[in-house]
Each structure stands twice: as C-alpha cells, then as structure tokens.
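# Commentary on secondary and tertiary structure
Chain by chain, the residues:
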Amino acid sequence: MKKLSMLLLCLASLLLALPACAQEAEPSVLIAYFTWAENTVIEDEEASLASALAHYDNMGDSRSGVDATSSASLLMPDNTAVMASHIQRLTGGDLFSIQVEQPYPSNYDECLDRAADELDDNVRPALKTHVENMEDYDIVFLGMPNWWYSCPMAVLTFVEEYDFSGKTVIPFVAHGTGGISGSVRDMSASLPEDCTVLAPIGVYRPDIPNCGPAMEEWLKTLDLLFVLDDSFEVTQ
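Residues numbered from 1 in each chain as written. Predicted model: local features only at pLDDT ≥ 70, side-chain atom pairs only at ≥ 80, totals over all residues. Heavy atoms only, no water.

## Some words on a negative patch on the surface
To keep things clear, this is the line we draw: Grouping into patches uses exposed residues only, defined as over 30% relative accessible area, and leaves out salt-bridged ones; the cut-off is 9 Å for like charges and 5 Å for nonpolar side chains (Val, Leu, Ile, Met, Phe, Trp, Tyr). Methods summary: accessible areas were calculated by the Shrake-Rupley approach with a probe of 1.4 Å, and residue burial reflects only the protein chains presented. Criterion for a salt bridge: a side-chain nitrogen of Lys or Arg within 4 Å of a carboxyl oxygen of Asp or Glu. Counting rule applied: Lys, Arg positive; Asp, Glu negative; His and chain ends not counted. Charge placement uses NZ in Lys and CZ in Arg. For Asp and Glu, CG and CD serve respectively. Secondary structure counts use DSSP, requiring at least four H or I residues in a row for a helix and at least two E residues in a row for a strand, with both numbered from the N terminus. Accessible area is worked out with a 1.4 Å probe on protein chains only. A residue is then buried under 20% of its type maximum, exposed over 50%, and partly exposed in between.
Together, Asp109, Glu110, Asp113, Asp117, Asp120 and Asp121 make up a negatively charged patch on the protein surface. In this fold, aspartate 121 is placed in the loop between α5 (108-120) and β3 (139-145). What makes aspartate 121 exposed here is its relative accessible area of 57%.

## Some remarks on the packing of aromatic side chains
The cut-off we apply is this: Stacked, tilted and edge-to-face are the three classes assigned to paired rings of Phe, Tyr and Trp, where Trp is represented by its six-membered ring and a pair needs centres within 6.5 Å; plane angles under 30 degrees give stacked, over 60 edge-to-face, the rest tilted. Here, a charge over a ring means that NZ of Lys or CZ of Arg falls within 6 Å of the ring centre while also lying within 35 degrees of the ring normal.
Enumeration according to the criterion identifies eight aromatic pairs in this entry. The interplanar angle of 70° and the centroid separation of 6.2 Å between the aromatic rings of phenylalanine 158 and phenylalanine 164 together place this pair among those described as edge-to-face. The same class applies to phenylalanine 158 and to phenylalanine 164, which are both buried. One aromatic cluster is present, built from ring pairs that chain together Phe96, Phe158, Tyr162 and Phe164. We note arginine 114 situated over the ring of tyrosine 104; from NZ or CZ to the ring centre the distance is 3.7 Å.

## Considering α5
How we decide: The span one expects for a helix is its residue count, reduced by one, times 1.5 Å. Polar contact is the term for a pair of N or O atoms within 3.5 Å; when the atoms are in protein, one must be able to donate a hydrogen and the other to accept it, and sequence-neighboring residues count only if both atoms are side-chain atoms.
Its 13 residues give α5 an end-to-end C-alpha distance of 18 Å, which sits within 8% of 18 Å, the value for a rise of 1.5 Å per residue. Considered for burial, the residues of α5 that qualify are Tyr108, Cys111, Leu112, Arg114, Ala115, Ala116 and Glu118. The distance from a side-chain oxygen at the start of α5 to the backbone nitrogen of aspartate 109 is 3.1 Å, and the residue carrying that oxygen is asparagine 107. The first or second residue beyond α5 is asparagine 122, which carries a positive phi of 55°.

## As for the side chain of threonine 168
Note the following rule: Working rule for contacts: check all heavy atoms of both residues, and any pair within 4.5 Å makes them a contact.
Tracing the backbone through its elements, the reader meets threonine 168 in strand β4 (residues 168-175). Relative accessible area serves as the criterion here: at 19%, threonine 168 is assigned to the buried category. In contact with threonine 168, not counting residues within four places along its chain, are Asp138, Ile139, Val140, Thr196 and Leu198.

## Quick look at the side chain of threonine 40
Looking at where threonine 40 falls in the secondary structure, it is placed in the loop between β1 (29-34) and α2 (45-58). Polar side-chain contacts of threonine 40 include one of 3.4 Å to the backbone oxygen of proline 105.

## Digging into the pattern of salt bridges
Going through the model one piece at a time under the given rule, you end up with five salt bridges. Among the salt bridges present, the one from glutamate 118 reaches arginine 114, with a minimum N-O distance of 3.0 Å. With glutamate 118 and arginine 114 both in helix α5, this residue pair falls four residues apart, about one helical turn. With respect to burial, glutamate 118 and arginine 114 carry one shared label: buried. In this structure, glutamate 160 and arginine 124 form a salt bridge, with 2.9 Å as the shortest nitrogen-oxygen distance.

Just distances and angles here, no functional claims.
Pasting the structure below:
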C-alpha cells in the first residue's frame, strides 16, 4: 500500500510539472532594431527626403517605378522597422528600438559622414533606450541597415551592453547595392562564443514595402522552437 501511495504521488508530481515544462519550451523573443528615422530629428522633411533620395541615386541605388517615399529610410516606419514588424506579426516577439542619446543629422549625407567617423574611430554611441529584462529573452532578432559596409556603431553599443551568453541572435539587414556586406560579421564579432548566430536575411531597400512573404519564408528556414503565426498584433 505504501509503495502504491508513493507511485501515485510521483505520478501526480509528474503531471503537475508537465504544464510548466511546456511553458518553458516556448522561447521568449525580442526584436531589437536600429533605424535612421528613429534616431534623427526632422526639421525639414522634404529636404531630408530629398537628401536621402539623392544619395541613393548617386550610389546607383535606385529603381524605376519605386515610389520615392517608400524607398527612403527617413520616413516612419522605415526599412528595418518594417522588417521588424513582419517578424513580430509572425512570432509575437517584443519590439525594441535602439536609439542614441545624440540624434543623427536628418540630412542623409551628413548622417553618413558622422557614421563614417564613428566607424573609423571605433566609437560606441551612448544609448537612451535600454532593455530592462534582457535576461528573460532566449532569442534576439537584431535589425540594422548596412552603413559603410558594416553595422551602425550604436548596434555594437547595444550588443556590448548585455550578456548574450547562451542566447540565439538572428540578424536582419536593410541594404542598398552593397548587400549585407560586413554588417553581420562585425556585429557578431562583439558577441560571446557561446552565443548562436543564425543565418541572416538581407532585403534590398526598394523591396522593403513588399518583403513580407520573403521574411516569412526566411523564418521558416530557421527551424525555430515555436510555431509561426500570422495573427500576432503588431505594436509598432
């Protein structure tokens, strides 16, 4: 009788533990991203937009038939923010905007001049936004534009601010004709060895407005430990 009681007690404990195990199996997801639009102060939107489009054109990074407003990363939501919203729609993760204390110029050439100086001097721009509970997240999607064939230095500030040990980082990049280039490589170099970095996706700037299906197909290839759903609310 005593053995039977012990057996029943063990079975009851196992059944009580099952819901908790199922809950623990669902990873917690953060979708962090850096955008120019959320890191500048726009004084003259028309002039800022014109500066961005002129830069793209000078770089041979334009495409006929693409609406000007959708191809300029100054407008809200901008390129990486659009990509981030698709990820949230499909995963239900929490959105987080990486923002610097000192805004970048709203003239795109001046913005890239500062970005070049920061890259040359290996600067870590101070951030005004911070994740209070980074330890709670298992998976971190990390979005960025390709600036000067690397990542914005603010992304390195973000990466180096937290302990990514044991986490999975999944990069996504908005880019021009330079492609992803060294953006993911340079970001990954600041992560600890026991952090897993999965295959990134890069989306060419003019393709951003219609990138939803490509984002979904990319997510399916990652074999993540949760089911993709198309019904999550986008909070952006």
